[in-house]
Amino acid sequence: MQPLLNIAIRAARRAGDVIIRYVDRLDTLTIRAKERNDFVSEVDRHAEEEIIQIIRAAYPDHAILAEESGVREGRNAEFTWIIDPLDGTTNFLHGFPVFSVSIALRHRKRVQHGVIYDPLRND
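This write-up is about the structure you can find in this document.

Quick word on the overall build of the chain
Line of reasoning, step 1. The number of helices and strands found in the chain is three helices and seven strands.
Line of reasoning, step 2. A sequence separation of at least 24 residues applies to 48% of the contacts in the chain between residues at least 6 apart.
Line of reasoning, step 3. Summed over all atoms, the accessible surface of the chain reaches about 7000 Å², with 48% contributed by carbon and sulfur.

Okay, here's the thing in structure tokens:
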């Protein structure tokens, strides 16, 4: 299962790169309210697409459950990647430096791996 974890780490770092590019440009972002106090920005969508591209390149048959784009079925239903590309969007949009990229991998209904990446601290 180590290669799976390595893919999750690579994807989280790539999404973190996307997020960092926008930290000093918050006033230029397109933001939409999903619900009261629940927002989505173009950063969320760009970061999510980066994650999905990396996962699909390595594991094209795995299913994906992503916060912004929803479910993407896969031929291998035993594996599902669960993605929150910008966990803490509201904090990010207000310039509060507490947010992360969150990725988990569920195998046969059990979470096997999880990656939480803080792009501001590279941690």
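Still more ground to cover, so stick around.
Section: unusual backbone geometry
Line of reasoning, step 1. Phi angles above zero are rare outside glycine, and Arg 108 is one such case at about 50°.
Line of reasoning, step 2. One can find Arg 108 in the loop between strand S6 (100-107) and strand S7 (110-117).
Line of reasoning, step 3. On the accessibility criterion, Arg 108 (56% relative accessible area) is exposed.
Line of reasoning, step 4. In the Ramachandran plot, Asn 122 falls in the positive-phi region, its phi being about 50° despite a non-glycine side chain.
Line of reasoning, step 5. Mapped onto the secondary structure, Asn 122 falls in the segment after S7.

Here's the deal with the sheet that holds strand S5 (residues 76-87)
Line of reasoning, step 1. What the five strands build is an open sheet, ordered S4-S3-S5-S6-S7; its pairing is mixed. Of all the strands in the sheet, the pair left with one neighbour each is strand S4 (70-72) and S7. On average, each strand axis in the sheet is inclined to that of its neighbour by 15°, with strand direction left out of account.
Line of reasoning, step 2. Examined bridge by bridge, strand S3 (residues 62-66) and S4 share three bridges and lie antiparallel to one another. By the bridge assignment, Ile 64 is partnered in S4 with Arg 72.
Line of reasoning, step 3. The strands that helix H1 (residues 2-22) touches are S3, S5, S6 and S7; relative to S7, the one it contacts most, it runs at about 35°.
Line of reasoning, step 4. Contacts from helix H2 (residues 42-58) reach S3, S4, S5 and S6 within the one sheet, and its direction differs from that of S5 by about 150°.

Calculation notes
Residues numbered from 1 in each chain as written. Predicted model: local features only at pLDDT ≥ 70, side-chain atom pairs only at ≥ 80, totals over all residues. Heavy atoms only, no water. Helix = DSSP H or I, 4+ residues; strand = E, 2+ residues; numbered from the N terminus. Contact = heavy atoms within 4.5 Å. Areas by Shrake-Rupley, 256 points an atom, 1.4 Å probe, with all protein chains shown as cover. Buried < 20%, exposed > 50% of the residue type's maximum accessible area, 1.4 Å probe, protein only. Pairing = 2+ DSSP bridges. Axes fitted to C-alpha atoms, helices over the stretch in contact; angles between N-to-C directions.

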